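The chain contents come next:
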Amino acid sequence: MANFAFGLGVGTKSAKGEWLEVYYNQPLLNADDALIGAVAAKIGYQGGNAAIEIDAAQLKDLEAAFLSVDAKAQAEVVEVLAGTRQPLVVTILETDAAPASTAEVYLKLALLSHRLVKPHGLDLSGMFGLLPNVAWTSEGAIAVDELARRQLAARAQGRTLSVNSVDKFPKMTDYVVPAGVRIGDASRIRLGAHVGEGTTVMHEGFINFNAGTLGVSMVEGRISAGVVVGNGSDLGGGCSTMGTLSGGGNIVISVGEGCLLGANAGLGIPLGDRCTIESGLYITAGSKVTVLDDKNNEVQTVKAADLAGKNDLLFRRNSQNGRIEVKTNKSAIELNAELHKHN
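What you see is a predicted model, and the numbers here were worked out from it, not measured in a lab.

Visitor: What should I look at first to understand the UniProt feature "binding site: succinyl-CoA" (unreviewed entry) in the protein chain in this one?
Guide: UniProt tags Arg 222, Gly 237, Ser 240, Ala 263, Glu 278, Ser 279, Gly 286, Lys 303, Arg 316, Arg 317, Asn 318 and Ser 319 as "binding site: succinyl-CoA" (unreviewed entry). Across 98 residues in sequence, these annotated residues place their C-alpha atoms as far as 26.1 Å from one another, rather than forming a single compact spot. Within the element layout of this structure, Ala 263 appears in the loop between strand S19 (260–261) and strand S20 (266–267). The exposure class of Ala 263 is partly exposed, given its relative accessible area of 33%. Each residue touching Ala 263, except ones within four places of it in the same chain, is listed here: Gly 236, Gly 237, Ser 279 and Gly 280. When you line up the elements, Ser 279 lands in the loop between strand S21 (276–277) and strand S22 (282–283). Since its relative accessible area comes to 49%, Ser 279 is described here as partly exposed. Sequence-distant contacts of Ser 279, defined by excluding residues within four places in its chain, comprise Gly 262 and Ala 263. At 3.3 Å, the side chain of Ser 279 forms a polar contact with the backbone nitrogen of Ala 263.

Visitor: Would you take a moment to explain the domain arrangement of the protein chain for this structure?
Guide: By a frequent convention, interface size equals the accessible area lost on bringing the separate parts together. Taken as a whole, the protein chain is organised into domain 1 (3–130), domain 2 (136–167) and domain 3 (172–340). Here domain 2 and domain 3 have C-alpha centroids that lie 38 Å from each other.

Visitor: Looking at this model, I keep getting lost on the state of the cysteines. Mind explaining?
Guide: One covalent bond between the sulfur atoms of two cysteine residues makes up a disulfide. Summed over all chains, the structure comprises zero disulfides. This cysteine, Cys 239, is not joined by any disulfide, and Cys 259 carries the nearest cysteine sulfur, 12 Å off. This cysteine, Cys 275, is not joined by any disulfide, and Cys 259 carries the nearest cysteine sulfur, 4.8 Å off.

Visitor: Can you help me understand helix H2 (residues 56–68) in this one?
Guide: Spacing of three or four residues puts side chains on the same side of an α-helix, whose turn is 3.6 residues. Under the 1.5 Å per step criterion, the end-to-end length of H2 is 19 Å for 13 residues, consistent within 8% with the ideal 18 Å. For H2, every residue scored as buried is listed here: Leu 59, Leu 62, Glu 63, Ala 65 and Phe 66. Seen along its axis, H2 keeps its buried residues to an arc of 170 degrees; they face one direction. Along H2, the residues that are exposed and aim more than 90 degrees away from the buried face are Ala 57, Lys 60, Leu 67 and Ser 68. For H2, the side-chain oxygen to backbone nitrogen distance between the N-cap and Ala 57 is 3.2 Å, and the N-cap itself is Asp 55. Backbone geometry just downstream of H2 places Asp 70 in the positive-phi region, at approximately 60 degrees.

Visitor: Honestly, the pairing of strand S7 (residues 140–143) in this entry has me stumped. Any pointers?
Guide: Sheet topology note: the strand S6 (residues 134–137)/S7 ladder contains four bridges and is antiparallel. Bridge assignment links Ala 135 to a residue of S7, and that residue is Ile 142. Counting the residues in the hairpin turn of S6 and S7 gives two residues.

Visitor: Help me understand unusual backbone geometry, please; the structure alone is not making it clear to me.
Guide: When glycine is set aside, most residues are seen to have a negative phi, and most peptide bonds are trans. At Asn 30, a position not held by glycine, the phi torsion is positive, near 50 degrees. Topologically, Asn 30 is positioned in the loop between strand S3 (28–29) and helix H1 (33–43). Not every positive phi belongs to a glycine, and Arg 274 is a case in point at roughly 55 degrees. Among the structural elements, Arg 274 can be located in the loop between S20 and S21. Exposure remark for Arg 274: the relative accessible area of 24% places this residue in the partly exposed category.

Visitor: Got a minute to help me understand the pattern of salt bridges in this structure?
Guide: Oppositely charged side chains may form a pair once their charged atoms are brought near each other. This structure, assessed with the given rule, holds 11 salt bridges. Close ionic contact of Asp 167 with Arg 190 constitutes a salt bridge, the shortest N to O distance being 2.9 Å. Taken as a pair, Asp 167 in strand S8 (residues 163–167) and Arg 190 in the loop between strand S9 (182–183) and strand S10 (200–201) lie far apart in primary sequence, 23 residues in all. Where Glu 298 meets Arg 323, a salt bridge forms, and the shortest distance between an N and an O atom there is 3.1 Å. One end of the pair, Glu 298, is in strand S24 (residues 298–303); the other, Arg 323, is in the loop between strand S25 (313–317) and strand S26 (324–328), and 25 residues separate them in sequence. Assessed through its relative accessible area of 28%, Arg 323 is described here as partly exposed. Each of Glu 298, Arg 316, Arg 323 and Glu 325 takes part in one network of salt bridges that share partners.

Visitor: Honestly, the UniProt feature "binding site: Mg(2+)" (unreviewed entry) in the protein chain in this entry has me stumped. Any pointers?
Guide: The positions UniProt marks with the feature "binding site: Mg(2+)" (unreviewed entry) are Glu 204. For Glu 204, the location among the structural elements is in the loop between S10 and strand S11 (206–207). A residue is classified by how much of its surface remains accessible, and Glu 204, at 57% relative accessible area, is exposed. Dropping the residues within four chain positions of it, Glu 204 is found in contact with Arg 188, Glu 220 and Gly 221.

Visitor: Would you take a moment to explain the packing of aromatic side chains for this structure?
Guide: Here a ring pair, both rings aromatic, is described through the centre-centre distance and the interplanar angle of the planes. Scanning the model with the defined rule gives six aromatic pairs in all. For the pair Tyr 106 and Tyr 175, a centre-to-centre distance of 6.1 Å together with 40 degrees between the ring planes defines the contact as tilted. Taken together, the residues span a long stretch of sequence, with Tyr 106 in helix H4 (residues 102–113) and Tyr 175 in the loop between S8 and S9 at a distance of 69 residues. Like Tyr 175, Tyr 106 is buried. Pairing Phe 169 with Phe 209 gives two aromatic rings, centres 4.7 Å apart and planes at 15 degrees, and the pair type is stacked.

Rules and cut-offs
- Residues numbered from 1 in each chain as written.
- Predicted model: local features only at pLDDT ≥ 70, side-chain atom pairs only at ≥ 80, totals over all residues.
- Heavy atoms only, no water.
- UniProt positions renumbered as here; feature names shortened; annotations may be inferred.
- Helix = DSSP H or I, 4+ residues; strand = E, 2+ residues; numbered from the N terminus.
- Buried < 20%, exposed > 50% of the residue type's maximum accessible area, 1.4 Å probe, protein only.
- Contact = heavy atoms within 4.5 Å.
- Polar contact = N/O pair within 3.5 Å; in protein donor to acceptor, adjacent residues only side chain to side chain.
- Domains from an automatic or database assignment.
- Disulfide = S-S within 2.5 Å.
- Expected span 1.5 Å × (residues − 1).
- Arc of directions from axis to C-beta.
- Pairing = 2+ DSSP bridges.
- Salt bridge = Lys/Arg side-chain N within 4 Å of Asp/Glu carboxyl O.
- Phe/Tyr/Trp six-rings, centres within 6.5 Å; stacked < 30°, edge-to-face > 60°.

The following block contains the structure:
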């Protein structure tokens, strides 16, 4: 039986019976056909992309199904969930089509944060319309229109219900903590972020969904939605990368390997490998850039977009005339070797 992704989820519903969020402890990409077949027989799955709610009896049946195909990790999830009163769902995606339910969106976000898929590797079309705005609190996800009553009930019991955020996305670390990372402030990384092994995200660093790092990086700036940072690249304090959610155009901003974005710098073009943008300099596609040779002689003036994806470039602001200049960045490959050794 063809399949693209599988997940056994436990989540939260509103008083109206609408899904607020779903937690997948062990999502699978391209699950074994035998596993899908065994599960299908227990829950009545007929094929296609589906999110099927199950009850306690079906959950017990799933444990036997998982053990029959030696899926021990999935069986362990069932064992922990046995007896829960929380809503349960089995989500099976036969293809990577646009999601059709909240449960499907959460499975795809989990695949990204579990590093099973890289950013831009999934169809997330229409996802915003499927994600409800949720109050993320000290007591979990709460529908926004139910929040005031829950706060009052908590006060009546002598406690305070703390609201951490009101958003469509929860923080990633409430769903998965990828191996080999350091995170200063977990609230600044959304579920659906891809945080590469060896990455350190400092307290002011931010990583949006469907974005992130592919390897060892130091992140003290902002990685906007859709932006991918290559292995060995660093984002300095306060720097930013331009996403495509709020702006025009369809250019996917990316950072190659071994790059450095200086403090308070900005990036609005795809950057090649071993490139540096000096502190405080914001490069957009339309920025006029003067190209210099090795002797600092002017060669030509181009738009920054013409340099997109090119390697070994140093972008800087001339402090005397204010123009943006670019020249070969011969030393970039040696940047931060000592820092990355201990990430």
